[in-house]
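Notes for the structure review
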Amino acid sequence: MVPQWDLLDLLADEAAREPSFHLRMDTAATGFLVEGGRVRGVHHRTADGTTGTLRATLTVACDGRGSLARRLPELRLERFPCPMDAWWFRLPRHADDPSGLVGGIGDRFFTALIDRDDYWQCAALIPKGTDAERRAEGLERFMTRFAEAAPWLADRSDAVTSWDEVKLLDVRLDRLRRWHRPGLLCIGDAAHAMSPVGGIGINLAVQDAVAAARHLVRPLREGTLGLNDVRRVQYRRWPTTVATQRLQRLAHAQVFEPLLAGRTAFGDPARAKRMTELVTESRWLNRVPAYFIGYGALRERPPAESLR
Ligand SMILES: Cc1cc2nc3c(=O)[nH]c(=O)nc-3n(C[C@H](O)[C@H](O)[C@H](O)COP(=O)(O)OP(=O)(O)OC[C@H]3O[C@@H](n4cnc5c(N)ncnc54)[C@H](O)[C@@H]3O)c2cc1C
């Protein structure tokens, strides 16, 4: 069975009713259309400078952590401290390399390598705000330190030839206290930017979209959409978001902050080793984080009526 979203049909219907609107990938929303205190759609501009307005029954802000909605003070953005930023880059992967997710600890940085079949998506966590200072030390120095943390990758550390290939992720952990106002709903990173710990930002964003579909398709189709329907999406997604962010904040404080400051995580290397072994070697403890990462604290299922 191929899932197809009625919500997409609804959006397409909405767009078809707007004669000025053409679905183009270079169209950016530039602001909300607000009438009588209610969001009624967006103003937009294409890359060639053409501007227009798109009206909508409900505007869903899924425009990431730089969302236009975050400029609305009534949604109250709450920020949490982050001890690190992340550098992302790629290295070739060889057939006899380890597989899956591989971690490594270097001198005041931490690496996570994600197996992408023919390449490694490499993350190096560095102390927050030290990007410029560390880049000034030179690429060669960084790749040498990186190879010390992951010695089996040393044979290809010259694959990165320029700092342009190393992208900075300004790590943020925040959330809106309110994800909605009349006519508007925020989901995904727009509602909550996640730390890279666990690599679950995309999972939460997709789960938010599934929950939004489940709660909104019927009232949108029946023309009965009210604020309570929109509120339900936040009520449903809030516990998972808060629980995940709490775990990430705990990992920041207990693991990453001490490690990046040159102190030992958990205070004692033997204890850190015991805890790692406990989680990785216990079948049940292993499954809990896997389930949590895959499905979140509350598993979201699409409504049966949205599957054809
Ligand atoms: C370098 C990096 C690596 C990451 N790695 C991982 C990972 O391994 N695993 C993981 O789970 N998460 C990862 N994340 C986080 C993950 O990408 C996000 O949590 C996830 O993509 C959020 O999805 P989203 O749809 O809410 O927002 P986004 O994916 O940010 O999508 C927002 C979309 O809205 C568009 N947009 C923005 N502004 C406007 C506008 N004004 N008008 C119209 N369109 C607009 C953007 O172009 C974009 O297409 C990573 C993030 C970064 C930056």
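Residues numbered from 1 in each chain as written. Predicted model: local features only at pLDDT ≥ 70, side-chain atom pairs only at ≥ 80, totals over all residues. Heavy atoms only, no water.

Some remarks on the site of the ligand
In the vicinity of the ligand, 17 residues are found, and the nearest of them are A29, D189, G199, G201 and I202. Between a nitrogen atom of the ligand and a main-chain N or O atom of A29, the distance comes to 2.8 Å. Taking G201, its main chain carries an N or O atom lying 3.2 Å from an oxygen atom of the ligand. Elements represented by at least two residues in the shell around the ligand include exactly strand 1 (28–35) and helix 4 (201–222). When its residues are assigned to classes, the shell around the ligand shows nine nonpolar, five polar and three charged. (Near = heavy atom within 4 Å. Polar contact = N/O pair within 3.5 Å; in protein donor to acceptor, adjacent residues only side chain to side chain. Helix = DSSP H or I, 4+ residues; strand = E, 2+ residues; numbered from the N terminus. Nonpolar A, V, L, I, M, F, W, Y, C, P; charged D, E, K, R; others polar.)

Some remarks on the nonpolar core
Counting 23 residues, the largest nonpolar core has F32, A69, L75, L184, L185, C186 and L216 as its most contacted members. Those elements giving two or more residues to this core turn out to be strand 2 (38–45), strand 13 (184–186), helix 4 and helix 5 (227–260). By residue number, the principal contributor to this core is strand 13, which donates three residues. When near neighbours in sequence (up to four residues on either side) are disregarded, F32 contacts V39, G41, V42, H43, T59, L68, A69, L72 and L184. One finds L91, V102, L139 and A150 within the second-largest nonpolar core, a separate group that totals 20 residues. (Core = buried A, V, L, I, M, F, W, Y, C linked by side-chain atoms within 4.5 Å. Buried < 20%, exposed > 50% of the residue type's maximum accessible area, 1.4 Å probe, protein only. Contact = heavy atoms within 4.5 Å.)

Remarks on the side chain of D85
Here D85 shows up in strand 6 (residues 84–92). Using a relative accessible area of 5% as the deciding quantity, one classes D85 as buried. Every residue in contact with D85, bar those within four places of it in the chain, is listed here: A124, L125, I126, P127, K128, G129, L168, L169, D170 and V171.

Notes on the packing of aromatic side chains
Under the defined criterion, the tally for this structure stands at nine aromatic pairs. Summarising the aromatic geometry, the rings of F110 and F256 are spaced 5.2 Å apart at their centres and angled 85 degrees between planes, so their arrangement reads as edge-to-face. Of the two residues, F110 is situated in strand 8 (residues 109–115) and F256 in helix 5; the sequence distance between them amounts to 146 residues. Each member of the pair, F110 as well as F256, is classed as buried. Three or more aromatic residues joined by ring pairs form one cluster here, namely W87, F89, F142, F146 and W163. One residue, R90, lies across the ring of Y119, its end atom 4.0 Å from the ring centre. (Phe/Tyr/Trp six-rings, centres within 6.5 Å; stacked < 30°, edge-to-face > 60°. Lys NZ or Arg CZ within 6 Å of the ring centre and 35° of its normal.)

Thoughts on the sheet that holds strand 5 (residues 77–80)
With respect to topology, three strands assemble into an open sheet ordered 5-11-14, the strand pairing being antiparallel. For this open sheet the edge positions go to strand 5 and strand 14 (192–193), each flanked by a neighbour on one side alone. Pairing of strand 11 (residues 173–176) with strand 14 involves two bridges; the strand directions are antiparallel. Among the inter-strand pairings, R175 is bridged to a residue of strand 14, identified as H192. Those strands touched by helix 5 are strand 5, strand 11 and strand 14, and its axis lies near 160 degrees from that of strand 11. (Pairing = 2+ DSSP bridges. Axes fitted to C-alpha atoms, helices over the stretch in contact; angles between N-to-C directions.)

Comments concerning the confidence of the model for the protein
Summing up the model confidence of the protein, the mean pLDDT is 86 and the portion of residues at 70 or higher is 84%. The model gives residues 1–8 a pLDDT under 50, and that stretch makes 19 contacts with residues more than four places away or in other chains. (pLDDT = per-residue confidence, 0-100.)

Side note on the packing of helix 4 against helix 5
Orientation of helix 4 relative to helix 5, taken along the N-to-C sense of each, is 160 degrees, at an axis distance of 9 Å. Relative to helix 5, the element helix 4 is oriented roughly antiparallel. Every pair of crossing elements has a handedness; the one defined by helix 4 and helix 5 is right-handed. Residue-level contacts link L204, Q207, D208, A211, A212, R214, H215, L216 and P219 of helix 4 to D229, V230, R232, V233, R236, R237, T240, T241 and T244 of helix 5. Each residue belonging to the contact of helix 4 with helix 5 can be placed in one class, and the counts come to seven nonpolar, five polar and six charged. (Parallel < 35°, antiparallel > 145°, perpendicular 65-115°, else oblique. Left-handed = near helix turned anticlockwise from the far one by under 90°.)

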